[in-house]
Amino acid sequence: MPDVNIVESLEDARNRLRTALTNAGRDPASAHLLAVSKTQPAASVRQAFEAGQREFGENYVQEALDKQAALADLDAIAWHFIGPLQSNKTRAVAEHFQWVHTLDRERIARRLAAQRPPALGPLDVCLQVNVSGEASKSGVAPADLPALADVVATLPQLRLRGLMTLPAPSDELATQRCPFAELRELLASLRQRHPQAPLDTLSMGMSGDLEAAVLEGATWVRLGTAIFGQRAPRA
(Lines give C-alpha, C1' and ligand atoms only; values in the text may rest on other atoms or scores of the structure.)
Protein backbone atom coordinates (compact mmCIF):
# COMPACT_ATOMS: atom_id res chain seq x y z
CA MET A 1 0.00 0.00 0.00
CA PRO A 2 1.56 3.34 -0.98
CA ASP A 3 2.23 5.90 1.72
CA VAL A 4 -0.21 8.78 1.78
CA ASN A 5 0.65 12.28 2.89
CA ILE A 6 -2.43 12.84 5.05
CA VAL A 7 -1.70 16.54 5.55
CA GLU A 8 -1.62 17.14 1.78
CA SER A 9 -4.58 14.92 0.96
CA LEU A 10 -6.65 16.52 3.72
CA GLU A 11 -5.90 19.97 2.33
CA ASP A 12 -6.82 18.74 -1.16
CA ALA A 13 -10.15 17.46 0.21
CA ARG A 14 -10.84 20.78 1.93
CA ASN A 15 -10.04 22.67 -1.26
CA ARG A 16 -12.34 20.41 -3.26
CA LEU A 17 -15.18 21.05 -0.83
CA ARG A 18 -14.57 24.81 -0.81
CA THR A 19 -14.51 24.89 -4.60
CA ALA A 20 -17.75 22.90 -4.82
CA LEU A 21 -19.44 25.27 -2.35
CA THR A 22 -18.23 28.34 -4.21
CA ASN A 23 -19.38 26.93 -7.55
CA ALA A 24 -22.78 26.19 -6.02
CA GLY A 25 -23.08 29.78 -4.81
CA ARG A 26 -23.00 28.69 -1.18
CA ASP A 27 -21.20 30.01 1.87
CA PRO A 28 -17.82 28.19 2.06
CA ALA A 29 -18.56 27.47 5.73
CA SER A 30 -21.98 25.91 5.10
CA ALA A 31 -20.75 22.32 4.71
CA HIS A 32 -18.22 20.32 6.65
CA LEU A 33 -15.82 17.51 5.95
CA LEU A 34 -16.33 14.24 7.81
CA ALA A 35 -13.13 12.18 7.60
CA VAL A 36 -14.13 8.52 7.27
CA SER A 37 -11.47 6.74 9.27
CA LYS A 38 -12.86 3.19 9.34
CA THR A 39 -10.11 0.54 9.10
CA GLN A 40 -7.47 3.25 9.39
CA PRO A 41 -5.03 3.10 12.32
CA ALA A 42 -5.23 5.49 15.22
CA ALA A 43 -1.91 7.01 14.12
CA SER A 44 -3.51 8.17 10.85
CA VAL A 45 -6.42 9.74 12.72
CA ARG A 46 -3.93 11.53 14.95
CA GLN A 47 -2.13 12.90 11.89
CA ALA A 48 -5.38 14.24 10.48
CA PHE A 49 -6.28 15.74 13.86
CA GLU A 50 -2.92 17.48 14.05
CA ALA A 51 -3.64 18.89 10.58
CA GLY A 52 -6.83 20.47 11.89
CA GLN A 53 -9.48 17.81 11.24
CA ARG A 54 -11.82 17.30 14.19
CA GLU A 55 -14.75 15.17 12.94
CA PHE A 56 -14.23 11.48 12.17
CA GLY A 57 -16.63 8.81 10.94
CA GLU A 58 -16.46 5.17 11.99
CA ASN A 59 -18.46 2.13 10.83
CA TYR A 60 -17.41 -0.60 13.22
CA VAL A 61 -18.09 -0.19 16.92
CA GLN A 62 -15.27 -2.22 18.49
CA GLU A 63 -12.68 -0.83 16.10
CA ALA A 64 -13.86 2.67 16.94
CA LEU A 65 -13.73 2.05 20.69
CA ASP A 66 -10.14 0.83 20.42
CA LYS A 67 -9.23 3.90 18.41
CA GLN A 68 -10.97 6.23 20.85
CA ALA A 69 -9.02 4.71 23.73
CA ALA A 70 -5.75 5.22 21.86
CA LEU A 71 -6.67 8.85 21.16
CA ALA A 72 -8.20 9.70 24.52
CA ASP A 73 -5.81 12.65 24.93
CA LEU A 74 -7.44 14.48 21.98
CA ASP A 75 -10.16 16.35 23.85
CA ALA A 76 -11.59 18.19 20.86
CA ILE A 77 -12.11 15.15 18.65
CA ALA A 78 -15.69 14.29 17.65
CA TRP A 79 -16.81 10.80 16.64
CA HIS A 80 -19.65 10.09 14.20
CA PHE A 81 -21.10 6.60 13.81
CA ILE A 82 -21.87 6.05 10.12
CA GLY A 83 -22.35 2.29 9.82
CA PRO A 84 -25.31 -0.08 10.25
CA LEU A 85 -26.18 -0.24 13.94
CA GLN A 86 -27.18 -3.49 15.65
CA SER A 87 -29.16 -3.65 18.88
CA ASN A 88 -26.30 -5.17 20.85
CA LYS A 89 -24.04 -2.22 19.95
CA THR A 90 -26.33 0.66 20.85
CA ARG A 91 -25.02 1.17 24.38
CA ALA A 92 -21.42 1.59 23.23
CA VAL A 93 -22.51 4.07 20.55
CA ALA A 94 -24.75 5.99 22.95
CA GLU A 95 -21.87 6.31 25.42
CA HIS A 96 -18.96 7.03 23.08
CA PHE A 97 -20.17 8.96 20.04
CA GLN A 98 -21.41 12.49 19.45
CA TRP A 99 -23.35 11.71 16.27
CA VAL A 100 -25.19 8.82 14.63
CA HIS A 101 -25.90 9.23 10.91
CA THR A 102 -27.56 5.87 10.26
CA LEU A 103 -30.63 5.69 12.48
CA ASP A 104 -33.40 3.89 10.58
CA ARG A 105 -35.47 1.94 13.13
CA GLU A 106 -37.65 2.90 16.08
CA ARG A 107 -36.23 0.12 18.25
CA ILE A 108 -32.69 1.38 17.77
CA ALA A 109 -33.79 4.95 18.46
CA ARG A 110 -35.42 4.00 21.74
CA ARG A 111 -32.38 2.00 22.84
CA LEU A 112 -29.99 4.85 22.02
CA ALA A 113 -32.16 7.30 23.94
CA ALA A 114 -32.46 5.04 26.99
CA GLN A 115 -28.73 4.29 27.03
CA ARG A 116 -27.41 7.80 26.42
CA PRO A 117 -25.75 9.04 29.64
CA PRO A 118 -27.58 12.21 30.75
CA ALA A 119 -24.29 13.92 31.53
CA LEU A 120 -23.33 13.81 27.85
CA GLY A 121 -26.43 15.66 26.67
CA PRO A 122 -28.57 14.58 23.71
CA LEU A 123 -27.04 12.46 20.97
CA ASP A 124 -27.19 14.17 17.56
CA VAL A 125 -28.85 11.84 15.04
CA CYS A 126 -29.64 11.73 11.34
CA LEU A 127 -32.24 9.38 9.93
CA GLN A 128 -30.89 7.28 7.08
CA VAL A 129 -33.23 7.22 4.09
CA ASN A 130 -33.03 4.62 1.33
CA VAL A 131 -33.96 7.01 -1.46
CA SER A 132 -32.86 4.63 -4.21
CA GLY A 133 -34.96 1.75 -2.92
CA GLU A 134 -32.04 -0.69 -3.10
CA ALA A 135 -32.68 -3.92 -1.23
CA SER A 136 -29.00 -4.12 -0.28
CA LYS A 137 -28.98 -0.72 1.40
CA SER A 138 -30.02 0.20 4.92
CA GLY A 139 -32.39 3.07 5.53
CA VAL A 140 -36.01 3.87 6.07
CA ALA A 141 -38.24 4.15 3.01
CA PRO A 142 -39.24 7.75 2.22
CA ALA A 143 -42.91 6.90 2.86
CA ASP A 144 -42.04 5.66 6.36
CA LEU A 145 -39.80 8.57 7.27
CA PRO A 146 -42.43 10.84 8.88
CA ALA A 147 -43.51 8.16 11.36
CA LEU A 148 -39.93 7.45 12.41
CA ALA A 149 -39.18 11.16 12.75
CA ASP A 150 -42.29 11.58 14.92
CA VAL A 151 -40.92 9.01 17.37
CA VAL A 152 -37.37 10.32 17.42
CA ALA A 153 -38.56 13.86 18.00
CA THR A 154 -40.18 12.74 21.27
CA LEU A 155 -37.03 11.16 22.75
CA PRO A 156 -35.30 13.73 24.96
CA GLN A 157 -31.86 12.09 24.85
CA LEU A 158 -31.81 12.28 21.04
CA ARG A 159 -31.55 15.47 19.00
CA LEU A 160 -33.02 15.07 15.52
CA ARG A 161 -30.63 16.96 13.26
CA GLY A 162 -31.44 15.79 9.75
CA LEU A 163 -31.17 13.10 7.12
CA MET A 164 -28.51 10.89 5.56
CA THR A 165 -28.45 8.83 2.38
CA LEU A 166 -26.14 6.56 0.43
CA PRO A 167 -27.64 6.46 -3.08
CA ALA A 168 -26.93 4.12 -5.95
CA PRO A 169 -23.65 5.11 -7.66
CA SER A 170 -23.63 6.99 -10.95
CA ASP A 171 -21.05 8.82 -13.03
CA GLU A 172 -23.52 11.42 -14.36
CA LEU A 173 -23.91 14.66 -12.41
CA ALA A 174 -27.61 15.03 -13.25
CA THR A 175 -28.32 11.45 -12.16
CA GLN A 176 -26.30 11.91 -8.99
CA ARG A 177 -28.28 15.02 -8.07
CA CYS A 178 -31.69 13.34 -8.15
CA PRO A 179 -31.53 11.34 -4.89
CA PHE A 180 -29.83 14.24 -3.13
CA ALA A 181 -32.60 16.57 -4.28
CA GLU A 182 -35.15 14.10 -2.96
CA LEU A 183 -33.42 14.02 0.43
CA ARG A 184 -33.37 17.82 0.52
CA GLU A 185 -37.11 17.90 -0.17
CA LEU A 186 -37.76 15.30 2.51
CA LEU A 187 -35.86 17.44 5.01
CA ALA A 188 -37.92 20.49 4.04
CA SER A 189 -41.09 18.50 4.72
CA LEU A 190 -39.79 17.39 8.12
CA ARG A 191 -39.01 20.99 9.03
CA GLN A 192 -42.67 21.86 8.51
CA ARG A 193 -43.77 18.80 10.48
CA HIS A 194 -41.32 19.41 13.35
CA PRO A 195 -40.58 23.14 13.48
CA GLN A 196 -39.13 22.80 16.98
CA ALA A 197 -36.40 20.37 15.90
CA PRO A 198 -32.97 21.70 14.80
CA LEU A 199 -33.25 20.10 11.37
CA ASP A 200 -30.16 21.61 9.78
CA THR A 201 -28.27 18.58 8.46
CA LEU A 202 -27.97 16.74 5.16
CA SER A 203 -25.31 14.04 5.42
CA MET A 204 -24.69 13.10 1.79
CA GLY A 205 -21.92 12.98 -0.75
CA MET A 206 -18.68 11.01 -0.93
CA SER A 207 -15.63 11.02 -3.17
CA GLY A 208 -17.53 10.16 -6.34
CA ASP A 209 -20.47 12.54 -5.95
CA LEU A 210 -19.39 15.35 -3.62
CA GLU A 211 -20.13 18.11 -6.14
CA ALA A 212 -23.66 16.85 -6.81
CA ALA A 213 -24.36 16.61 -3.09
CA VAL A 214 -23.13 20.15 -2.47
CA LEU A 215 -25.33 21.48 -5.27
CA GLU A 216 -28.32 19.96 -3.46
CA GLY A 217 -27.46 21.33 -0.01
CA ALA A 218 -25.17 18.81 1.71
CA THR A 219 -23.90 19.96 5.11
CA TRP A 220 -21.70 16.92 5.85
CA VAL A 221 -19.72 15.20 3.11
CA ARG A 222 -18.03 11.91 3.94
CA LEU A 223 -14.54 11.34 2.50
CA GLY A 224 -12.29 8.43 3.41
CA THR A 225 -9.84 7.19 0.78
CA ALA A 226 -9.41 10.74 -0.55
CA ILE A 227 -7.83 11.60 2.81
CA PHE A 228 -6.28 8.39 4.10
CA GLY A 229 -5.69 6.39 0.94
CA GLN A 230 -6.94 2.86 0.35
CA ARG A 231 -8.34 1.15 3.41
CA ALA A 232 -6.46 -1.64 5.04
CA PRO A 233 -8.36 -4.97 5.07
CA ARG A 234 -10.15 -5.67 8.33
CA ALA A 235 -8.54 -8.29 10.52
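Structural data are supplied above this passage.
Residues numbered from 1 in each chain as written. Predicted model: local features only at pLDDT ≥ 70, side-chain atom pairs only at ≥ 80, totals over all residues. Heavy atoms only, no water.

1. A closer look at unusual backbone geometry
Quick note on the threshold: Working definition: helices are DSSP H or I runs of at least four residues, strands are E runs of at least two. Numbering for both runs from the N terminus. Accessibility here uses a 1.4 Å probe with only protein chains present; expressed as a share of the type maximum, an area under 20% marks a residue as buried, one over 50% as exposed, and anything in between as partly exposed.
Within the chain, Thr39 stands out as a residue other than glycine whose phi angle is a positive 65°. Looking at where Thr39 falls in the secondary structure, it is placed in the loop between strand 1 (32-36) and helix 2 (42-50). Take Thr39: its relative accessible area is 14%, and that puts it in the buried class.

2. Concerning the pairing of strand 5 (residues 123-128)
What counts here: For crossovers, right-handed means that the path from the first strand over the helix to the second runs clockwise, given strands pointing away from the viewer. Here, any two strands with at least 2 DSSP bridges between them count as paired.
Burial runs high along strand 5: 6 of the 6 residues are buried. Alternating residues of strand 5 divide into Leu123, Val125 and Leu127 and Asp124, Cys126 and Gln128, and every residue in both groups is buried. Crossover strand 4 (residues 99-103) to strand 5 through helix 5 (residues 106-115) is right-handed. Where strand 5 meets strand 6 (residues 158-164), 6 bridges bridge the pair, whose relative direction is parallel. Residue pairing for strand 6: Gln128 is matched across the bridge by Met164. Chirality of the crossover, the property in question, places the unit of strand 5, helix 6 (residues 145-152) and strand 6 among those that are right-handed.

3. Structural notes on the packing of aromatic side chains
Centre distance and the angle of the planes are the two values used to describe a pair of aromatic rings. Filter applied, for reference: Classification of ring pairs uses Phe, Tyr and Trp, with its six-membered ring standing for Trp, and accepts pairs whose centres are within 6.5 Å; under 30 degrees between planes counts as stacked, over 60 as edge-to-face, and the remaining range as tilted.
Tallied over the full model, the rule gives 3 aromatic pairs. When the centroid spacing of 6.1 Å and the interplanar angle of 40° are considered together, the rings of Phe56 and Trp79 count as tilted. You can see Phe56 sitting in strand 2 (residues 55-58) and its partner Trp79 sitting in strand 3 (residues 78-81), a full 23 residues away along the chain. Of the residues examined, Trp79 reaches a relative accessible area of 5% and is grouped as buried. Taking 5.9 Å as the distance between ring centres and 80° as the angle between the ring planes, the aromatic pair formed by Trp99 and Trp220 counts as edge-to-face.

4. Section: helix 2
Stated formally: The arc in question is the one traced by the directions running from the helix axis out to the C-beta atoms. Contacts: residue pairs with any heavy atoms within 4.5 Å of one another.
Three or more residues of helix 2 are buried, namely Ser44, Val45, Ala48 and Phe49. The arc enclosing the buried residues of helix 2, seen along the axis, measures out at 145°, which places them on a common side. Facing away from the buried side of helix 2, by more than 90 degrees, are the exposed residues Ala43 and Glu50. Next to the buried residues of helix 2 lie helix 1 (6-23), strand 2, helix 3 (61-70), strand 3 and helix 9 (225-228). Positive phi shows up at Gly52, right after helix 2, with a value of about 105°.

5. Description of the nonpolar core
Note the following rule: Each nonpolar core is a collection of buried residues, namely Ala, Val, Leu, Ile, Met, Phe, Trp, Tyr and Cys, held together in the definition by side-chain atoms within 4.5 Å.
Ranked by internal contacts, the top residues of the largest apolar core, which has 64 residues, are Leu112, Leu158 and Leu163. Of the residues forming this core, the biggest block, 6 residues, is contributed by helix 1. Dropping the residues within four chain positions of it, Leu158 is found in contact with Leu103, Ala109, Leu112, Ala113, Pro122, Leu123, Val125 and Val152. Listed in part, the 7 residues of the second largest apolar core include Trp99, Cys126, Met164 and Trp220.

6. Side note on the environment of Phe49
By the secondary structure assignment, Phe49 is in helix 2. Along the chain, Phe49 and Asp171 lie 122 residues apart, while their C-alpha atoms are 31 Å from each other. Excluding its chain neighbours within four sequence positions, the residues that come into contact with Phe49 are Arg54, Phe56, Leu74, Ala76 and Ile77.

7. Re the side chain of Asp124
This is how the line gets drawn: N or O atoms within 3.5 Å of each other form a polar contact, as long as, within protein, one can give a hydrogen and the other can take it, and as long as residues adjacent in sequence are counted only when both atoms are side-chain atoms.
Relative to the elements of secondary structure, Asp124 occurs in strand 5. Here the side chain of Asp124 touches Arg161 through a polar contact of 3.2 Å, side chain to side chain. Asp124 has contacts with Gln98, Trp99, Val100, Arg159 and Arg161, leaving out every residue within four places of it along the chain.

8. Re the pattern of salt bridges
Condition: By salt bridge we mean one thing: a side-chain nitrogen of Lys or Arg within 4 Å of a carboxyl oxygen of Asp or Glu.
Under the counting rule described, the total for this entry stands at 15 salt bridges. Where Lys67 meets Glu63, a salt bridge forms, and the shortest distance between an N and an O atom there is 2.7 Å. On the criterion of helical spacing, the pair formed by Lys67 and Glu63 is a turn pair, its members being 4 residues apart in helix 3. Just as Lys67 is buried, Glu63 falls in that class too. For the salt bridge of Arg91 with Glu95, the shortest nitrogen-to-oxygen distance reads 3.9 Å. Separated by 4 residues within a single helix, Arg91 and Glu95 lie in helix 4 (residues 90-96), roughly one turn from each other.

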